[in-house]
Amino acid sequence: MTSTDRLPSQAEPATGPARGVRLPRKARRAQLLDSALEVFAGQGFHAAAMDEIADRAGVSKPVLYQHFPGKLDLYLALLDQSCDTIIEATRRALGATEDNKARVAATMSAFYDYVASEEGAFRLVFESDLTNEPAVRQRVDRVTEECSSLITEVISEDTSLPTEQARLLAVSLVGMAQVSARYWLSTQDDGSSSTSRADAAALVSGLAWRGIRGYPRTDEPS
């Protein structure tokens, strides 16, 4: 994979401040979440240890537990943050233009950008090893539900399709985006493909647009 295929990480390397350095509560919480993301994304929930997360953050375990009473609480906070990221990216993509072809391309790119991030947050959402936990399942499902709702609104406004049919199309588009993005990343990781992130997103958005444009806008002549 070339350096241009993955997005730069938003987080600093996991060196952490020296123990004993006091931070404002909000800053400390953000730092703990950054450290937890590295551990959970790399090892999964079950293999992750609170000791390691505390060490990466440069804090004692009691400090970590002051912010998050348990490992599941920490994981859920991180999962909420990760889900919000892709939902908001989808919202921005849809709101950036009135051109539906451009909307499809922007939304597809949002998912590819999310998956390509070196932070690996997408693994918590799309590849969680804790989906049997109801609280986790609820949050993972929220990504599909909220992203699909945003797209459903656009389809419903622009076509004469009933809402339930517009939603089925929206769910299909979200599924296409996240499954293809994850597959693309796996081919980059194992070296079986040299297709760039931008080219992959454009290829799949072209497929999606060729399908969705078959449903005419309500303001077009019949």
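None of these values were measured; they are calculated from a predicted model.

A short note on the nonpolar core
Within the largest apolar cluster, 66 residues are counted, with the highest numbers of intra-cluster contacts made by Phe40, Leu64, Leu74 and Ile155. Residue assignment for this core shows that the elements contributing at least two residues are helix H1 (25-47), helix H2 (50-57), helix H4 (71-95), helix H5 (100-116), helix H6 (122-126), helix H7 (134-158), helix H8 (163-189) and helix H9 (197-212). Looking at this core element by element, the count peaks at 11 residues for H4.

Describing the confidence of the model for the chain
Should the pLDDT be low somewhere, the predicted coordinates at that spot are not to be read in detail. Taken residue by residue, the chain gives an average pLDDT of 89. The fraction at 70 or more is 88%. For residues 7-18, every residue scores under 50 in pLDDT, and the model assigns this stretch 23 contacts once sequence neighbours within four places are set aside.

Let's talk about the pattern of salt bridges
By the definition in use, this model includes 14 salt bridges. We note a salt bridge from Arg197 to Asp113, for which the minimum N-O separation is 2.3 Å. Linking Arg197 in helix H9 with Asp113 in helix H5, this pair joins segments that are 84 residues apart in sequence. Here Arg197 falls in the buried class, since its relative accessible area comes to 17%. Assessed through its relative accessible area of 26%, Asp113 is described here as partly exposed. A salt bridge links Glu127 to Arg123, with the shortest nitrogen-to-oxygen separation between them at 2.9 Å. Shared partners join several salt bridges into a network, and the residues in it are Arg123, Glu127, Arg182 and Asp189.

A look at the packing of aromatic side chains
Per the counting criterion, the structure on display carries five aromatic pairs. Both rings, one in Phe40 and one in Phe45, keep their centres 6.0 Å apart while their planes meet at 10°; by these two values the pair is stacked. In terms of burial, Phe40 and Phe45 fall into one category: buried. Taken together, the ring pairs connect Phe40, Phe45 and Tyr75 into an aromatic cluster. Above the plane of the ring of Phe45 lies Lys71, whose end atom (NZ or CZ) is 4.5 Å from the centre.

With respect to the packing of H1 against H2
Put simply, H1 and H2 touch, their axes get as near as 9 Å, and they point 130° apart. Judged by the inter-axis angle, H1 sits oblique to H2. Where H1 crosses over H2, the two elements pack in a sense that is right-handed. Residues Arg28, Gln31, Leu32, Ser35, Ala36, Glu38, Val39, Phe40 and Gln43 of H1 form the contact with H2, whose own contacting residues are Glu52, Ile53, Arg56 and Ala57. Class assignment for the residues of the contact of H1 with H2 results in six nonpolar, three polar and four charged.

Reading the values: rules and limits
Residues numbered from 1 in each chain as written. Predicted model: local features only at pLDDT ≥ 70, side-chain atom pairs only at ≥ 80, totals over all residues. Heavy atoms only, no water. Core = buried A, V, L, I, M, F, W, Y, C linked by side-chain atoms within 4.5 Å. Buried < 20%, exposed > 50% of the residue type's maximum accessible area, 1.4 Å probe, protein only. Helix = DSSP H or I, 4+ residues; strand = E, 2+ residues; numbered from the N terminus. pLDDT = per-residue confidence, 0-100. Contact = heavy atoms within 4.5 Å. Salt bridge = Lys/Arg side-chain N within 4 Å of Asp/Glu carboxyl O. Phe/Tyr/Trp six-rings, centres within 6.5 Å; stacked < 30°, edge-to-face > 60°. Lys NZ or Arg CZ within 6 Å of the ring centre and 35° of its normal. Axes fitted to C-alpha atoms, helices over the stretch in contact; angles between N-to-C directions. Parallel < 35°, antiparallel > 145°, perpendicular 65-115°, else oblique. Left-handed = near helix turned anticlockwise from the far one by under 90°. Nonpolar A, V, L, I, M, F, W, Y, C, P; charged D, E, K, R; others polar.

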